[in-house]
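Listed here are the chains, written in short residue letters.
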Amino acid sequence: MFQNLMSSQEKNLVKAEIISNWDGVSNEFFLGVKFSISPGWYIYWQNPGDAGLAPEIKLTLPSSLKAGEILFPMPRKITHGDIISYGYYNEVVLLIPVKIVSKEKLAKSSIIEAKINWLVCSESCVPGGTTIKYTLRKAKKTEIALIKKYKNLLPRDFESSGLTVKNFRVERKGNLNLIKIEFAGNRAGQVVDFYPNLIKEFLVDLKSINVKNGTVELTAMPSSADAKLNFLNGIVVINGEGYELNLKLK
């Protein structure tokens, strides 16, 4: 799948642009990086999965602005043979919360520079990138609507899922960590998948993820013998909606 890498100049498969939902008055808004992706191709989520690279966005902001972390909408699970990835087809907007820390300084300088890199894949993969300069202005209605759409696609707080965690257990067996999460609540039987975040010093076997009757099981292999797995973060999937789960062993 990934053996045929082409240069980004050979194909123009992804278009990136900057939008915002700033109303011209508020001190907080979202900056959005909109990716338009050629049919049949996809870019990656924050955890690309078994292969791939998540998009990188590096902002250079005027001193009047302060940015938060990149927020990724719910991805799709993409399977190629025995390779599992998480990503986006056709279009996605990655959101970055921004605060205006000085209206006075903003009046003098409102130019934002975004250096963006991505890997777009189908049967082959093509690295791409661009640098965009964007002057902050009052957003158009179409921009506001698009950011609202993708804001609604962000994973929600786990507390709003209607679930509780009945049990979270990590058992070391040989060189593997066996992980089990049991959910309780009326929607426990509606859990259909779990998308794990990247875990430093551990490799999650995505093919091992098994969801049945409100229970999620998976395995993770440590990169060193003394690495200890005492937490797990990821997205619980219910009917296409995602809920952020952050677990720690007591």
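Remember, predicted model here, so these are calculated numbers, not experimental data. (Residues numbered from 1 in each chain as written. Predicted model: local features only at pLDDT ≥ 70, side-chain atom pairs only at ≥ 80, totals over all residues. Heavy atoms only, no water.)

I'm lost on the nonpolar core in this one. Help?
Phe 35, Ile 116, Val 120, Phe 183 and Val 236 are the most contacted members of the largest nonpolar core, which totals 72 residues. In terms of residue count, strand 8 (residues 91-100) provides more of this core than any other element does, seven residues in total. Residues Tyr 44, Ile 78, Leu 119 and Cys 121 belong to the second largest nonpolar core, which totals six residues. (Core = buried A, V, L, I, M, F, W, Y, C linked by side-chain atoms within 4.5 Å. Buried < 20%, exposed > 50% of the residue type's maximum accessible area, 1.4 Å probe, protein only. Helix = DSSP H or I, 4+ residues; strand = E, 2+ residues; numbered from the N terminus.)

Can you walk me through the environment of Pro 222 in this structure?
Within the element layout of this structure, Pro 222 appears in strand 16 (residues 215-222). With relative accessibility at 13%, the residue Pro 222 sits in the buried group.

What is the right way to look at the pattern of salt bridges in this model?
Should the charged atoms of two oppositely charged side chains come close, the side chains can pair. The final tally for this structure, using the stated rule, is seven salt bridges. Glu 143 is the salt-bridge partner of Arg 137, the closest N and O atoms lying 3.0 Å from each other. On the basis of relative accessibility, which here comes to 7%, the residue Glu 143 falls in the buried class. Asp 205 is the salt-bridge partner of Lys 207, the closest N and O atoms lying 3.8 Å from each other. You can call Asp 205 partly exposed: its relative accessible area is 31%. (Salt bridge = Lys/Arg side-chain N within 4 Å of Asp/Glu carboxyl O.)

What should I look at first to understand the sheet that holds strand 1 (residues 14-20) in this one?
In a beta sheet, neighbouring strands are held together by backbone hydrogen bonds and run either parallel or antiparallel to one another. A sheet is described by the order of its strands in space; here four strands give the open sequence 1-2-8-5, paired in antiparallel fashion. At either margin of the open sheet sits one strand with a lone partner, and together these are strand 1 and strand 5 (65-67). Along the sheet, successive strands turn relative to each other by an average axial angle of 30°, direction set aside. Across seven bridges, strand 1 lies against strand 2 (residues 28-37) in antiparallel orientation. Bridge pairing in strand 2 links Ile 18 to Val 33. (Pairing = 2+ DSSP bridges. Axes fitted to C-alpha atoms, helices over the stretch in contact; angles between N-to-C directions.)

Any chance you could explain the sheet that holds strand 18 (residues 241-248) here in plain terms?
Pairing is mixed in the open sheet, where four strands are placed in the order 11-18-17-14. Edge positions in the open sheet fall to strand 11 (156-157) and strand 14 (191-196), since each of these has one partner strand only. Where strand 17 (residues 231-238) lies against strand 18, eight bridges are found, and the strand directions are antiparallel. Along strand 18, the bridge assignment pairs Gly 234 with Leu 245.

Where do I start with the confidence of the model for the chain in this structure?
Interpretation of the predicted coordinates at a detailed level should be avoided for regions scoring low in pLDDT. Here the chain averages 93 in pLDDT, and 96% of its residues register 70 or above. In this model residues 1-10 is a low-confidence stretch, pLDDT under 50, and it forms 29 contacts with partners more than four residues away in sequence or in other chains. (pLDDT = per-residue confidence, 0-100. Contact = heavy atoms within 4.5 Å.)

How should the packing of aromatic side chains be read in this particular structure?
Geometry of an aromatic ring pair is reported as the spacing of the ring centres plus the angle between the planes. Under the defined criterion, the tally for this structure stands at eight aromatic pairs. The interplanar angle of 45° and the centroid separation of 6.2 Å between the aromatic rings of Trp 22 and Phe 29 together place this pair among those described as tilted. For the pair Trp 22 and Phe 29, a shared accessibility class is recorded, and that class is buried. Measuring from ring centre to ring centre gives 4.7 Å for Tyr 86 and Tyr 195, while their planes differ by 40°; the resulting arrangement is tilted. (Phe/Tyr/Trp six-rings, centres within 6.5 Å; stacked < 30°, edge-to-face > 60°.)

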